[in-house]
Amino acid sequence: MISGHRRRALSELGVIAAIAAGGVFGGAAFAQALDANELLATLARVARSTATFEETRTMAALTTPIVRRGTLRYARPDQLEMVVTSPAPERIEINGDNVTMESRSGVRRVRLTQFPAAAVWVESVRATLAGDQQALQRYFRVRVTGRMAAWTLELTPFDNELADVVSRIVITGTQDLVNRIEIEERSGDRSVMVISANDRR
Amino acid sequence: MTTVTARTWMAMGALLLVALGLAYALTRITIDSDYSAFLPAGASDTQRAFMRELRDGVASRIVLVEISGPAPESVAEASRKLAPALAASPAFRYVTNGATAFGQRELALLGRHRYVLSDAVEVPGHFARDGLRAALEQRLDALAGSAAFLDKQFLANDPTGEMRRLLQRMTPAATPQRLHGVWFDASGTRALLLAETRASGADLAGQQAAMTALRDAFAAIQPGAAVTMSYSSPGAMAVAGRTLVAADARTLSIAALVLVLAILAWVYRSVPVVLLCFMPAAAGLLAGVIAVNAWFGSVHGIALAFGVTLLGEAVDYPSYLLTQIRGDTPIAVVKDKFGKTLRLAVLTTACGALALVASGFPGLAQLGVLTMVGVLVAGAATWWLLPHWIPAHWAPALAKRRASWRPPLARAPRWLRWLVVLCAAAVLGVLTANRPWWDDDLATMNPLPASFKERDLRLRAAIGAPDVRTMLLVSGATRDDVLRASESLRPVLEQWRADGTIGGFELVSDYLPSEATQARRRAALPAGADLRQNLTAALSGLPFRPATFEPFLKDVEDARSGPSLTPADYAGSALGLKVESLLRNDGGQWHVVVPLAGVKDAAALQAAQVLRGAQARLLDLRAESIAMMAAYRQQAVASSLAGMALIGVLLVVGLSSVRRAVRVFVPVLLAVAGTAAILVAAGTPMTVFHFVALLLTLGIGVNYALVIERAAMRDAAPDVWRTLAVVSATALCTFGLLAWSRAPVLRAIGVTVCLGVVLSLVLGALLIQDVPAREREGTHP
């Protein structure tokens, strides 16, 4: 019945970070066949962005999905913030290796490196936004498909701790704008986050 | 004179004996390095418990390892490789680096038995509609929060959150932080591991082998040039201490040997004679070791080391004869003249040792047998073998000068000499007033530099390992008795942790509740139909799919009718090791060990009334060790006093005169007392090591006094002072060098013996010298 200690290490952070892919905006490019270099170089041009999100968690145990709403903020190279407004207020701030979590139960400060799987998860988003291909390839098999106007970045984790829980992360976007992050879990549960950017520089 | 044939036969016989002895020694003798075997069995229950903890206690087996390097990633990588390598080594029985604290197997075991392990089960209404409803709402909140993954895995089987509660309780408050998947210290630069050796902490050979295995394992994982490992454990510190003492002892013994050889070479000017000087002591040591092994089944390393020290006296035996030889006085004449004195010198030391044999303490008894057999054999070899091998017409170089030297002190008036002695005694009396005479804390004899201790403390704090020092011990007639007592301790321990008296604790009853508690918890679980009904009611209006919780219903039903949880259920897991190390059966008596971390004030805990009700007592290992050393020392002192009485009787019989016996013995006793007083006055309370050195001083002092007294009777003072100059010079060289050692043990022995030798000579010269003429003529024609 107990599925393992490793998963315990997958803290809240992972989820939030994955979701915290700030809205990103695009310039002109509209190439045809896209490769990872080109896509990540484009994404790397965005210094900071804010966006609103709506995340839908579908779980086998529940008859209805859980829907979470709030805002996301990203600043190059390694700051992410997620503010959840409903159903319960929560705020997660990731600054380099430091993580601050605020919820109704209080404030907790932890270090990302304490949770290797979660750190990998955060990297899936942060390295994507930073356009850090090297970091991405250290943890994931990276596959890019589509065109600049409608691209898909598919990340399959190498890391065992994360791979135990997550089978795939699919990020889709237009130009330098991320507009959807989907996380598929091995259990069949999934989470889809739709992002609407409202500011970027 | 001996014929050549007899001499040849004698030599061949002796050589054969030595060869047989050596062969026996090399093949049959077991050297015991387990220092607890040297200690007494323990008089009280607490002392026996202390001995057991010292031997087998988990705290004494724990090794703390740190890996450091420039990059945390490579350090973590080394930790991940080292842990499985150590786990595979037969030298270790448990290893954790934080990544494997609770493995899959342990989590599965806790999960299976969670309903008898969790105290929340007994809370009224826990499985009633309202209790379940509250738990389910919490689960739903969690699923909507960022920690969803944490909760989701336990949801179907454990909606009431028992696992979460168990893991929280079992994770020590002070676990190190996990970085890159493994334990790191607070600075985030050093990875930490904790390993438990298979060998007991008192088994130094086993500990040494484990440390070698650890270093080999680290080398084998090829951690990279800049990545280094260091470690600390009680065993490692004992091994390092022993290595340091052994290294110093070796270097200084070699230096002493060279010096002694030089002195003897200068005095005797003959290679065979110089070599012959060592023969009796060597033969004595061999015989002593064989005797101890035959009697006790093995020879303890400590007894051997002390025995060699005590046999230092035997190196002088040949010199008592050899220095007296002159052109006109061949050895046969010397033997005739000094025979009685040499015999008494040997027999008095043997008598002193006899008292140790009878002490009943295994260590002292071994030391006694070794010394007794050693000096007897060395004396016999000096008496019967040595003279046959001395080259004909040989005489020491000194003998050519017929000096009539007498120490100047000895020429002063008798009353003045006594006055000097009494004044010195008075001064020492004042200086030693209000000073402690004894120091039974073995820590003061710790030869290791302070950095070892500091590293141990730092690692212990970083890893949150229990102090090796303090623990609670709960004893009872049955396993269930001690488990119940252990359970009853939880409230007071929690209180102590809350108010900071202790940093943490570990109770075996958290892993293995008593039968009664298990039964109570099983009884608190509702029947299947009731639980289903409660759950259905609780779920109403919540978005959970009811079928989700079928595993929960089944688990509760299984737990209700399940068998009791016993130690066998944990066999082969980290939890099994934990239970085994914290719960013991010892000769029909059961004990629970409760390791305490971060104890601020052991005395305050000792005084706590609550412990008595639970048949628990505080075991302060340091205090116990001090108490035990004190008992050892008292026994040694008592035995030695008996030995001194024996020596006194022997002197009276041997010298056929009470007056002469007093004349010989009083200066020796004063020398021994004076040595002790000077040490104490200098701020060095005596340890058991000083005491053994005092015993040697006594043996040497009696020899000197006998020789001086003998000479006084015969008016042969000049020759005697030459003899004493040689034997005291060799003794001072040997022990003077020890006084320079880094190891307090060796320093103690060296300083004590040197002081004793000097005082014996001075007091002998002052108090024995002038024998009234009438007595001289009367007793000895």
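Remember, it's a predicted structure, so these values are computed and weren't measured experimentally.

1. Some words on the overall build of chain B
The helix and strand inventory of chain B stands at 31 helices and 13 strands. Split into buried and exposed, the 781 residues of chain B put 55% on the buried side.

2. Describing the environment of D158(B)
Residue and element names in this part refer to chain B. Looking at the secondary structure, you find D158 in the loop between α8 (148–155) and α9 (162–170). Of the residues examined, D158 reaches a relative accessible area of 2% and is grouped as buried. Counting along the chain gives 397 residues from D158 to D555, while the straight-line C-alpha distance between them is 8.6 Å. Other than its neighbours up to four places away in sequence, D158 contacts R114, Y115, M163 and R164.

3. Points about the sheet that holds strand β4 (residues 90–95) of chain A
Residue and element names in this part refer to chain A. Spatially, the eleven strands line up as an open sheet ordered β6-β5-β4-β3-β2-β1-β11-β10-β9-β8-β7, and their pairing is antiparallel. The open sheet has two free edges, formed respectively by β6 (106–111) and β7 (140–147), since each of these has just one partner strand. Adjacent strand axes in the sheet meet at a mean angle of 15°, parallel and antiparallel pairs treated alike. Strand direction decides the pairing type here: β4 and strand β5 (residues 98–103), joined by five bridges, are antiparallel. What sits directly across from N95, in β5, is N98. Along the sheet, helix α3 (residues 36–43) makes contact with β7, β8 (150–157) and β10 (177–185), crossing β8 at roughly 105°.

4. Quick look at the packing of aromatic side chains
Residue and element names in this part refer to chain B. Here the structure, examined in full by the defined rule, presents six aromatic pairs over all chains. Ring centres of W295 and F296 lie 5.7 Å apart, and the angle between their planes is 15°; on these two criteria the pair is classed as stacked. Here W295 falls in the exposed class, since its relative accessible area comes to 56%. Accessibility expressed as a relative area gives 31% for F296, which makes it partly exposed. Judged by centre distance (5.3 Å) and plane angle (70°), the ring pair of F544 and F549 falls under edge-to-face. Like F544, the residue F549 is buried in the burial classification. Through pairs of rings, three or more aromatic residues link up here, namely Y115, F127 and F552. Across from the ring centre of W383, 4.6 Å away, lies the NZ or CZ of K335, which sits over that ring.

5. Focus on the confidence of the model for chain A
Of all residues in chain A, 81% have pLDDT values of 70 or greater, and the mean over the chain is 79. Considering only residues more than four positions removed or in separate chains, one finds that residues 1–32 of chain A, a stretch of pLDDT under 50, has 139 contacts.

6. What to know about the pairing of strand β11 (residues 190–200) of chain A
Every other side chain in a regular strand lies on the same face of the sheet, so the side chains alternate between the two faces. Residue and element names in this part refer to chain A. Pairing of strand β1 (residues 48–58) with β11 involves ten bridges; the strand directions are antiparallel. Across the sheet, the residue bridging to R57 is S191, located in β11. Of the pairings in the sheet, the one linking β10 to β11 comprises five bridges and is antiparallel in character. Note that in β11 the partner of E184 across the bridge is R190. Counting the residues in the hairpin turn of β10 and β11 gives four residues, including G188, whose phi is positive at 100°.

7. Some thoughts on the packing of helix α15 (residues 331–357) of chain B against helix α26 (residues 621–655) of chain B
All names here are of chain B. Two elements in contact, α15 and α26, have axes whose closest approach is 7 Å; the angle formed by their N-to-C orientations is 155°. As the angle between them shows, α15 and α26 are arranged roughly antiparallel. Judged by the sense of rotation from one axis to the other, the crossing of α15 with α26 is right-handed. Between α15, through K340, L344, L347, T348, C351, G352, L354, A355 and L356, and α26, the contact on the second element is made entirely by S639, A642, G643, L646, I647, L650, L651, G654 and L655.

8. Structural notes on the nonpolar core
Of all hydrophobic cores here, the largest spans 110 residues; its most connected members are Y268(B), L322(B), L651(B), Y704(B) and L724(B). At 17 residues, helix α28 (residues 688–714) of chain B tops the list of elements feeding residues into this core. Counting residues in each nonpolar core, the second largest holds 47 residues, with V84(A), A130(A), F140(A) and V144(A) among its members.

9. Examining the environment of T58(A)
Mapped onto the fold, T58(A) is located in strand β1. In contact with T58(A), not counting residues within four places along its chain, are P65(A), D189(A) and R190(A).

10. Quick look at the pattern of salt bridges
All names here are of chain A. Tallied over the entire structure, the rule returns 38 salt bridges over all chains. R57 serves as the salt-bridge partner of E55, at 3.1 Å between the closest nitrogen and oxygen. Between E55 and R68 there is a salt bridge; the shortest N-O distance is 2.8 Å. Of the two residues, E55 sits in strand β1 while R68 sits in strand β2 (residues 66–75), which places them 13 residues apart along the sequence.

Criteria and cut-off values
- Counting restarts for each chain, with residues numbered from 1 along the sequence as it is written.
- Chain letters and ligand numbers both follow the written order, the letters beginning at A and the numbers at 1.
- Totals for whole chains, interfaces and linings use every residue, but because this is a predicted model, local features are given only for residues with pLDDT of at least 70 and side-chain atom pairs only at 80 or more, for both listing and counting.
- Excluding hydrogens and water, the side-chain values take into account all heavy atoms of the structure.
- In DSSP terms, a helix is any run of H or I states spanning at least four residues, a strand is any run of E spanning at least two, and both are numbered starting from the N terminus.
- The buried label goes to any residue with under 20% of its type's maximum accessible area, the exposed label to any with over 50%, and the partly exposed label to all in between, with areas taken from a 1.4 Å probe on protein chains only.
- By definition, residues are in contact when any of their heavy atoms lie within 4.5 Å.
- Here, any two strands with at least 2 DSSP bridges between them count as paired.
- Axis definition: a line fitted to C-alpha atoms, over the contacting stretch in the case of helices. Angles run 0 to 180 degrees between N-to-C directions.
- The rule is short: rings of Phe, Tyr and Trp, with Trp giving its six-membered ring, pair when the centres are within 6.5 Å, and they are stacked under 30 degrees, edge-to-face over 60, tilted in between.
- Distance and angle both matter: a charge sits over a ring if NZ of Lys or CZ of Arg is within 6 Å of the ring centre and within 35 degrees of the ring normal.
- pLDDT gives the predictor's per-residue confidence on a scale running from 0 to 100.
- Between 65 and 115 degrees an angle is taken as roughly perpendicular, under 35 as roughly parallel, over 145 as roughly antiparallel, and anywhere else as oblique.
- Should the near helix be turned anticlockwise from the far one by less than a right angle, the crossing is left-handed, and should it be turned clockwise, the crossing is right-handed.
- The criterion is simple. A nonpolar core is a set of buried Ala, Val, Leu, Ile, Met, Phe, Trp, Tyr and Cys residues joined through side-chain atoms within 4.5 Å.
- One side-chain nitrogen of Lys or Arg within 4 Å of one carboxyl oxygen of Asp or Glu is enough to make a salt bridge.

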